[in-house]
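Geometric and topological summary
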Amino acid sequence: MRTLIRDCMVWDGSGAAPFPAEVLVEGERIVRVGRGVTPDGDDVRVIDAAGMTLMPGLVEGHAHLSFCGAQRNTDLGDIPPEEHVIETLHNARTLLDAGFTSAYSAASAKLRLDVVVRNEVNSGRSPGPRIRAASPEITVTGGLGDENRLHMNRSSFGIVADGPEAIVQAVRTCIREGVDNIKLNISGDDFVPAKGGMTVMRETEVRAACEVAHDFGRRVASHSRAGNAVKRAVQCGVDVIYHCEMADGEALDLLEAARDRLFVGPAIGLIHNTLHEAEPWGITKAVAHDLGMERCLENSQRTYEQMRKRGIRVVIGGDYGFAWTPQGTNARDIEHFVRLFGYTPSEALQCATRIGGELMGLPVGQVREGLLADLLLVDGDPLQDVRLLQDRSRLRLIMKGGAVHKDSVAEARPAVRRAA
Ligand SMILES: [Zn+2]
């Protein structure tokens, strides 16, 4: 089956200005991008897209598909595995409905949730984005993700392991069970006793985890808020470094020197919403202040202005999946990049498409001949207003690998055009 998308403006994800063109999709690939493309032969589905912008499908760079409206970290441990599978599968569909054709997971709440949902989506039985499945957050005793207390065992999204040997075993177990990405919590976080400014996973532990994951051809991502946690991640070979807002000049220099091999992501959505939208869950301005959210937002602004200037590859993804960061609102991160970090709309959209595609390690994220046809047709011009992408009624066509997930373009158009 072939599809011709006609008369649209194409924003191709490269950073070039939008241009008028036709785009021909054959099978799962984009085969032609150009003016006046008129395929011969039968069985061409034609989509008239005047007034619309064709762009790459969005890439969520910090997905937590198994986070289903948690208010506390322990909520994610309390859900039985059976319900949790269903919730995760539902979230995968929600992301695709919101225009995200790829999701790079930044941690799974239970070991096999990402894995089983990735496999189910890949089988074609259930809708969802392309998924790179993550491990739970491997953490040290007392770190982010260790909810145990001396009198009580409780779980959240962590696997607790101490010392290089235990960490190596945790990494190998996750890989045996099918994950693509390993997640390490190198720093703490202000939500838990080990604070964000603390670097709590030792260098020998991080290095051992990276060596083993790379031996198996897997990627490693880290939770690194503290400057030292960023430096440790770079020096030990971590591939994707999240948060980084306390990175000092030395840490930024290290990131810049390694910018061709690694990615960073601020996960700003959760910080923004905890400050401004979490009152219904008891997080008043005063509580958010005590949690250090204002300082965290200011640090993120200062740091990501630098990331942008230094050409470091930054991906969107804001820890969506908590009660006040609902799944499906992920495109708000693009607006945050523009409003808070000084990115141009084109730059922010590249973070959400082309750079996300590079993170996925797949031929996605651009509208280019030969790439997989992961495409969005947007009613209007998202470069004029990136908030259009937050309005699902504006997403008129969602295509993943040439297969239509949603099509609300013209009800009356003929399904198949016969060539003359
Ligand atoms: Zn996260």
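Computed from a prediction, not measured in an experiment: that's the story for all the values here.

**Description of the domain arrangement of the protein chain**
Here the domain parsing of the protein chain yields domain 1 (2-56 + 364-407) and domain 2 (58-330). Of note, the centres of domain 1 and domain 2, computed from C-alpha atoms alone, are 31 Å apart. Facing the 14 residues of domain 1 at the interface are 15 residues of domain 2. A buried area of about 1100 Å², summed over both sides, lies between domain 1 and domain 2, and 58% of it is on carbon and sulfur atoms.

**Remarks on the packing of aromatic side chains**
Under the defined criterion, the tally for this structure stands at seven aromatic pairs. A ring pair is formed by Phe-67 and Phe-322, whose centres lie 5.5 Å apart and whose planes are at 75°; its orientation type is edge-to-face. One end of the pair, Phe-67, is in the loop between β6 (58-63) and α1 (75-78); the other, Phe-322, is in the loop between α10 (293-309) and α11 (332-341), with 255 residues separating them in the sequence. With respect to burial, Phe-67 and Phe-322 carry one shared label: buried. Geometrically, the ring pair formed by Tyr-304 and Phe-341 is stacked, given 5.3 Å between the ring centres and 25° between the ring planes. Of this pair, Tyr-304 sits in helix α10 while Phe-341 sits in helix α11, and the two are 37 residues apart along the sequence. Tyr-304 gets classed as buried once you look at its relative accessible area, which sits at 0%. One aromatic cluster is present, built from ring pairs that chain together Phe-67, Phe-157, Trp-281, Phe-322 and Trp-324. Across the ring face of Phe-263, the terminal group of Arg-313 is positioned such that the distance to the ring centre comes to 4.0 Å.

**With respect to the nonpolar core**
Counting residues in hydrophobic clusters, the biggest one holds 110 residues, and the most contacted among them are Ile-182, Leu-255, Val-264, Ile-334 and Leu-389. In this structure, this core is formed jointly by two domains, domain 1 (2-56 + 364-407) and domain 2 (58-330), each of which donates at least three residues. Leaving out residues up to four positions away in the same chain, Ile-182 has contacts with Ser-135, Ile-138, Val-171, Cys-174, Ile-175, Ala-213, Arg-219, Val-220 and Ala-221.

**Focus: the pairing of strand β16 (residues 395-400)**
Along a regular strand, successive side chains alternate from one face of the sheet to the other. Counting buried positions over the six residues of β16 gives six, a clear majority of the element. Alignment of strand β15 (residues 375-379) against β16, held across four bridges, turns out to be antiparallel. Each residue of the ladder has a partner; that of Val-378, found in β16, is Leu-395. Looking at chain direction, β16 and strand β17 (residues 403-407) are connected through four bridges and run antiparallel. Counterpart to Met-399 in the pairing with β17 is Val-404. Between β16 and β17, which pair antiparallel in sequence order, lie two residues; one of them, Gly-401, sits at a positive phi of approximately 55°.

**Some thoughts on the sheet that holds strand β12 (residues 219-224)**
Within a sheet, adjacent strands bond to each other through the backbone by hydrogen bonds, running parallel or antiparallel. Taken together, six strands build an open sheet; the order of strands is β10-β9-β11-β12-β13-β14 and the sheet is parallel. Of all strands in the sheet, those with a lone pairing partner are β10 (158-160) and β14 (263-265), marking the two edges. Strand-to-strand twist in this sheet, taken as the mean axis angle between neighbours without regard to direction, amounts to 25°. One ladder, built from three bridges, connects strand β9 (residues 134-139) with strand β11 (residues 181-185); its direction is parallel. Within β11, the position partnered with Glu-137 by the bridge is Lys-183.

**Considerations on the environment of Ala-109**
Here Ala-109 shows up in the loop between β7 (100-105) and α3 (113-123). Linking Ala-109 and Ala-208, residues 99 residues apart in sequence, is a C-alpha distance of 23 Å. With sequence-adjacent residues up to four places away left out, Ala-109 is seen in contact with Ser-66, Phe-67, Leu-76, His-84, Ser-156 and Phe-157.

**What about the pattern of salt bridges?**
Scanning the entire structure with this criterion turns up 27 salt bridges. Notably, a salt bridge pairs Asp-374 with Arg-130, separated by 2.7 Å at the nearest N-O pair. With a gap of 244 residues between them, Asp-374 in the loop between α13 (354-360) and β15 and Arg-130 in strand β8 (residues 130-132) connect regions that are remote in the sequence. In this structure, Lys-231 engages Glu-250 in a salt bridge whose closest nitrogen and oxygen atoms are separated by 3.1 Å. Pair noted here: Lys-231 is in helix α6 (residues 227-236) and Glu-250 is in helix α7 (residues 249-257), with a separation of 19 residues, a long-range link. Accessibility expressed as a relative area gives 49% for Glu-250, which makes it partly exposed. Through salt bridges with shared partners, one network takes in Arg-112, Arg-176 and Glu-177.

Criteria and cut-off values
Residues numbered from 1 in each chain as written. Predicted model: local features only at pLDDT ≥ 70, side-chain atom pairs only at ≥ 80, totals over all residues. Heavy atoms only, no water. Domains from an automatic or database assignment. Contact = heavy atoms within 4.5 Å. Buried area = accessible area lost by both parts, 1.4 Å probe. Phe/Tyr/Trp six-rings, centres within 6.5 Å; stacked < 30°, edge-to-face > 60°. Helix = DSSP H or I, 4+ residues; strand = E, 2+ residues; numbered from the N terminus. Buried < 20%, exposed > 50% of the residue type's maximum accessible area, 1.4 Å probe, protein only. Lys NZ or Arg CZ within 6 Å of the ring centre and 35° of its normal. Core = buried A, V, L, I, M, F, W, Y, C linked by side-chain atoms within 4.5 Å. Pairing = 2+ DSSP bridges. Axes fitted to C-alpha atoms, helices over the stretch in contact; angles between N-to-C directions. Salt bridge = Lys/Arg side-chain N within 4 Å of Asp/Glu carboxyl O.

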